[in-house]
There are 2 protein chains.
Amino acid sequence: MSSATATDTPAAEANAFPLLIKQLLLTPLAVRPQQEIVYGDKVRFDYRTLQTRIGQLAGLLTSLGVKRGDTVAVMDWDSNRYLESYFAVPMIGAVLMMVNIRLAPEQIAYMLNHSGARVLLANREFLPVLEAIDEQLPDLRTRILLADEVGPLPTGFVTEYEAGLREATPITCFPDFDENTRATTFYTTGTTGLPKGVYFSHRQLVLHSLAAMAALGSASSQGRLHRDDVYMPITPMFHVHAWGMPYVATLLGIKQVYPGRYLPGKLLALIAREKVTFSHCVPTILHMLLGDATAADTDLRSWKVIIGGAALPRALAQQALARGIDIFGGYGMSETCPLLTIAQIDAHALDDPDEELSLRTKAGIPVPLVDLRIVDEDMNDVAHDGVATGEVVARTPWLTQGYLHNPDASTALWAGGYLHTGDIGNIDGGGYLRVADRIKDVIKTGGEWISSLALEDIIALHPAVNEVAVIGISDTKWGERPLPLVVRQPGSDVTEAEIIELVAARSRSGDISRYAIPDRVSFVDSLERTSVGKINKKKLRGLHDPEVAAGGPGSHEADHPTHRGTSAAHLQRR
Amino acid sequence: MSSATATDTPAAEANAFPLLIKQLLLTPLAVRPQQEIVYGDKVRFDYRTLQTRIGQLAGLLTSLGVKRGDTVAVMDWDSNRYLESYFAVPMIGAVLMMVNIRLAPEQIAYMLNHSGARVLLANREFLPVLEAIDEQLPDLRTRILLADEVGPLPTGFVTEYEAGLREATPITCFPDFDENTRATTFYTTGTTGLPKGVYFSHRQLVLHSLAAMAALGSASSQGRLHRDDVYMPITPMFHVHAWGMPYVATLLGIKQVYPGRYLPGKLLALIAREKVTFSHCVPTILHMLLGDATAADTDLRSWKVIIGGAALPRALAQQALARGIDIFGGYGMSETCPLLTIAQIDAHALDDPDEELSLRTKAGIPVPLVDLRIVDEDMNDVAHDGVATGEVVARTPWLTQGYLHNPDASTALWAGGYLHTGDIGNIDGGGYLRVADRIKDVIKTGGEWISSLALEDIIALHPAVNEVAVIGISDTKWGERPLPLVVRQPGSDVTEAEIIELVAARSRSGDISRYAIPDRVSFVDSLERTSVGKINKKKLRGLHDPEVAAGGPGSHEADHPTHRGTSAAHLQRR
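Residues numbered from 1 in each chain as written. Chains lettered and ligands numbered in written order. Predicted model: local features only at pLDDT ≥ 70, side-chain atom pairs only at ≥ 80, totals over all residues. Heavy atoms only, no water.

As annotated in an unreviewed UniProt entry, chain A is Fatty acid--CoA ligase from Stenotrophomonas lactitubi.

Here it is in structure tokens:
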């Protein structure tokens, strides 16, 4: 049938070009070898040195017996060392495991064992955690110390990182291998159940980087990310590869700034000193930054920020825009590498502040190669009218193939050939995604689904409200009823009746169902958060729902399919 | 060794995601379904209709017996039909063959037969060509007529395109298959020897599109190509997929304008009427456009143009910049899909017109994933100092794996594991490539290599020079000597002595070797060109070099390795 035969490709082996992480270094090293990498206040070197250090780290790991397929775990704050690990570990065919250092010691031990990690690079700050779980880690005896200051090598560590690099025989030529070789792994930080491991191959990370660069570069006539930018992550490098952006920044050959631990004053100082123009963070962190004492003195007018991890509240977006920040939403999750969509501001929207704000606070449009759908329980597409709601599902080349050693969860994740995000949302006529809520945070009341996030958005607009979380409380008559948990602004005396009336008014104008009008409001001092700073609704339900607190039927929801007709496995709460 | 086993990927088959051309349509259809496709003055429809028409064309071809691996050839000017073929043919697993309709009928017959084409889509304008070679095409009996006007169906055609689409059962769901499936093929238009077929897979075209979008989008703080642009090719769609840009434009979801045959007045009118902002062309075409009678009345200040196919002369760049055109160079060739480099203007260069011009007229920096080298005859890298010269070789995922049915040429092309471009050039400290010349157009004189292009650049700056080509003329003493062939500006009487002194002065200031100072200059009325508008130096040498004209040793250079110590097969002239 084909007129071309094997004789056409005599050089096929010689010119095969697998997609490998090492190739992300090709262009920057050719074009921007003098570009800087900065870590905190003391470390500053160029891409040429980055290349040298990657070779040294690869040599050190190889000398310690790390082989293709082995897992190397890292526990560190955002640093140049982490960036070097992002490259060196996969480039020798090993798997980089990013450890969420905000989790409980027992969870960390579970993840390290579950992933089969052979080598651990750990910051001195986490020695107490390691000591607490040392006996649970019998197979993890090769440990490298990460330290910002010179000091004694603790028991059980083979070397300190910088000393190890100095003494290593650097690897200068990295081999080609199968692009489907696993490159990274980490564990999802769900609020329920055991952590679940996701994993990504070289091919997936290269494609993710290219697509992210393509989407961000062409986002508008102003561009969003380009070769004159300066990058600093404010989503931790242990969290979904800092959204994959260190790889993108390296591919672009731009200056990169790694801030260590996130302290608002320090982050703001770095933005000012290093002229940072591009970052990403969750709403909570931006809220903290803008509220810091030094924020008013920091010029943020050249700063572009992608907000992800949670929907971007309009109030926060307005606050950021008033400071001159180019703020916009993005969407993805641990299972998706993570990028699925990025907010784009259509040219016509720039003339209409309200429309512009609306576009900025949506999750955005699919990046290239993302097949994004909103489906009902039978995997039928719902209308793209900005109203009809369903689960967000996706196909694209950079999604985790499953959960590590967890075939049942993997099968549920990929039910029907699409990855199920567990989020509900809608898509409008322009292809813009709005994520309404996690399926598990939807409140089912009076036969309707109420988005807790939509309700939060309304209540958050009240000037006396500092923060709000809405949870569903078990109700014998209605199934569930919404309960807003409100943190008042200091000195405010806003009442329950005022909050209820605020929602009722919006319901009368058709913005939200009348079932969403709360019967009562609880005022609290603060909201429980997860290790990555998201509001922990599971915990809040435990605290505020008597039935959950008593171990009633609502208390096991994480392990059961959602009720009320959503029996399909793909709607299982993860 | 690996801690992960096959049990980790229960859904691996369900969620495999091969890179296929159909996926380039995902984002635009989701986000910009109302965006326009325009062909000439009469055809205008949206992306939704494009999708429908692709499905209809796929259905038509399938009904005519086209199967996976079959080759479908197209002979057309730039049109929406061609764009539809770019998608529909590969999406059913067939191979799109783009026929260079400017070649001689015998060459066209050779290519159609050599590629094994089963189906031909041909514009009515090329019926005389087809009639002339009809007997040479016994296996190509399935022909579809492409016509802008309704008219009788000629003998030997099964249907007219639009009628065929109307009657077809559209394909709405395209299958997944191996991403390494061949998608496109076409023949290189070298000035010597038989045409050679190159070919590209789905994977290669998807990666090329992503990388081009990433490179063009992030090129500068202004961006170079973004979602508010309007695209019109001025490099034919039969030539290296119009540099792959119709795929990129579709992926971006931008308005696309197809101009049919290239007539300067018509192109300018389309730029004005459709608000075209992004094009690509060879220098000759831009020269013609800017010289057209209607050019002065056309506002070109929103127009961005990539120049490729030949180096961008400084004089032309200056002329374009004076008209407000954002002009910049790019580099690639048929064998490379084609994009290898794109000019980027560093922010600091915007303050220095001379530096800016220099960057715009270089070939640029490698796009992501391109491993670009300048090597000597032993494949050793030469210094990246902007001076040391060698052959440009490359690896990247989107290079042809060889030449169709031509194992010897394929082996030479890929000698040493890199694709050999046959170009000589240098790279400076910033990674900028300057292509000095084709190896075959380098003039070897007095033991030195002189770039004919460098010499042309100097002479072209003379205000009385309209066009210039420099060729090497056999010389018993020096090996070769440069001979400038000059087309004077109308009414000018510039002399041979003035031209020689112009070069001599630049030689005294160190810009070019003294061996480059010509002994004589020939004034001519016009310069011979190839079918794609490049200056045909082979023909010029035949006309102006007595030894070549007499069939002497210089006359067969295309089939022999270059002399003077460059015996390695990889320096063979193609």
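> Account for the overall build of chain A, naming residues and giving values.
The helix and strand tally for chain A stands at 18 helices and 25 strands. Against the 2.2 N^0.38 benchmark of 25 Å for 574 residues, chain A shows a C-alpha radius of gyration of 24 Å, consistent with a compact globule. Overall size of chain A, expressed as C-alpha extent along the three principal axes, is 70 × 70 × 50 Å. Sequence separation of at least 24 residues holds for 67% of the intrachain contacts in chain A that already meet a minimum separation of 6. Of the roughly 20,600 Å² of accessible surface on chain A, 52% is carried by carbon and sulfur atoms. Here chain A carries 53 positive and 67 negative side-chain charges, and the mean point of each set is 3 Å from the other. (Helix = DSSP H or I, 4+ residues; strand = E, 2+ residues; numbered from the N terminus. Rg over C-alpha atoms; globule rule 2.2 N^0.38 Å. Contact = heavy atoms within 4.5 Å. Areas by Shrake-Rupley, 256 points an atom, 1.4 Å probe, with all protein chains shown as cover. Lys, Arg positive; Asp, Glu negative; His and termini not counted. Charge placed at Lys NZ, Arg CZ, Asp CG, Glu CD.)

> Which residues make up the side chain of Glu456 of chain B, and what values go with them?
Along the chain, Glu456 of chain B falls in helix H15 (residues 452–460). If we ignore the near neighbours within four places in the chain, the residues touching Glu456 of chain B are Val468, Ala469, Val470 and Lys537 of chain B.

> Give me the lowdown on the domain arrangement of chain A, citing residues and values where you can.
For an interface, size is often stated in terms of accessible area lost upon the parts coming together. Per the domain assignment, the segments making up chain A are domain 1 (21–200) and domain 2 (444–570). Taking the mean C-alpha position of each, domain 1 of chain A and domain 2 of chain A sit 40 Å from one another. (Domains from an automatic or database assignment.)

> Could you give an account of the interface of chain A and chain B, naming the residues involved and the relevant values?
Between chain A and chain B, the residue contacts involve 86 residues of the former and 85 residues of the latter. Where chain A abuts chain B, roughly 6,200 Å² becomes buried across the two surfaces, and 56% of that area is made up of carbon and sulfur atoms. In this structure, the connection of chain A to chain B is made through four salt bridges. With a closest N to O distance of 2.6 Å, Arg203 of chain A and Glu179 of chain B form a salt bridge. For the pair chain A and chain B, the interface holds 10 residue pairs in polar contact (both at pLDDT 80 or more). Secondary-structure elements contributing two or more residues to the side of chain A that touches chain B are helix H1 (26–31), helix H7 (202–217), helix H9 (245–252), strand S16 (365–366) and helix H14 (407–413) of chain A. Per element, the largest residue contribution to the side of chain A that touches chain B is nine residues, and it comes from H7 of chain A. Split by residue class, the side of chain A that touches chain B holds 41 nonpolar, 30 polar and 15 charged. (Buried area = accessible area lost by both parts, 1.4 Å probe. Salt bridge = Lys/Arg side-chain N within 4 Å of Asp/Glu carboxyl O. Polar contact = N/O pair within 3.5 Å; in protein donor to acceptor, adjacent residues only side chain to side chain. Nonpolar A, V, L, I, M, F, W, Y, C, P; charged D, E, K, R; others polar.)

> Quick one: what's the story with the packing of aromatic side chains, residue by residue and with numbers?
A complete count under the given rule lists 14 aromatic pairs over all chains for this structure. Seen from their ring centres, Trp478 of chain A and Tyr515 of chain A are 5.9 Å apart, and the 65 degrees between their planes marks the pair as edge-to-face. With Trp478 of chain A in the loop between strand S23 (465–475) and strand S24 (479–488) and Tyr515 of chain A in the loop between helix H16 (496–508) and strand S25 (522–523), this pair connects stretches of sequence that are 37 residues apart. Where Tyr82 of chain B meets Tyr86 of chain B, the ring centres are 5.7 Å apart and the plane angle is 90 degrees; that geometry is what we call edge-to-face. With Tyr82 of chain B and Tyr86 of chain B both in helix H3 (residues 80–91) and four residues apart, the pair spans about one turn of that helix. Overall, Tyr86 of chain B belongs to the buried group, its relative accessible area being 0%. Connected via pairs of aromatic rings, a cluster forms that spans Tyr82, Tyr86, Phe87 and Tyr247 of chain A. Positioned above the aromatic ring of Tyr515 of chain B, the side-chain terminus of Arg514 of chain B is 4.9 Å from the ring centre. (Phe/Tyr/Trp six-rings, centres within 6.5 Å; stacked < 30°, edge-to-face > 60°. Buried < 20%, exposed > 50% of the residue type's maximum accessible area, 1.4 Å probe, protein only. Lys NZ or Arg CZ within 6 Å of the ring centre and 35° of its normal.)

> Tell me about the sheet that holds strand S9 (residues 196–201) of chain A, residues and numbers included.
All names here are of chain A. One open sheet holds the seven strands; their spatial order is S7-S6-S5-S3-S4-S8-S9, and the pairing between them is mixed. The open sheet has two edge strands with one neighbour each: strand S7 (159–160) and S9. Two elements, strand S3 (residues 71–75) and strand S4 (residues 95–98), share four bridges in a ladder whose sense is parallel. Within the sheet, the bridge partner assigned to Val74 lies in S4 and is Met98. (Pairing = 2+ DSSP bridges.)

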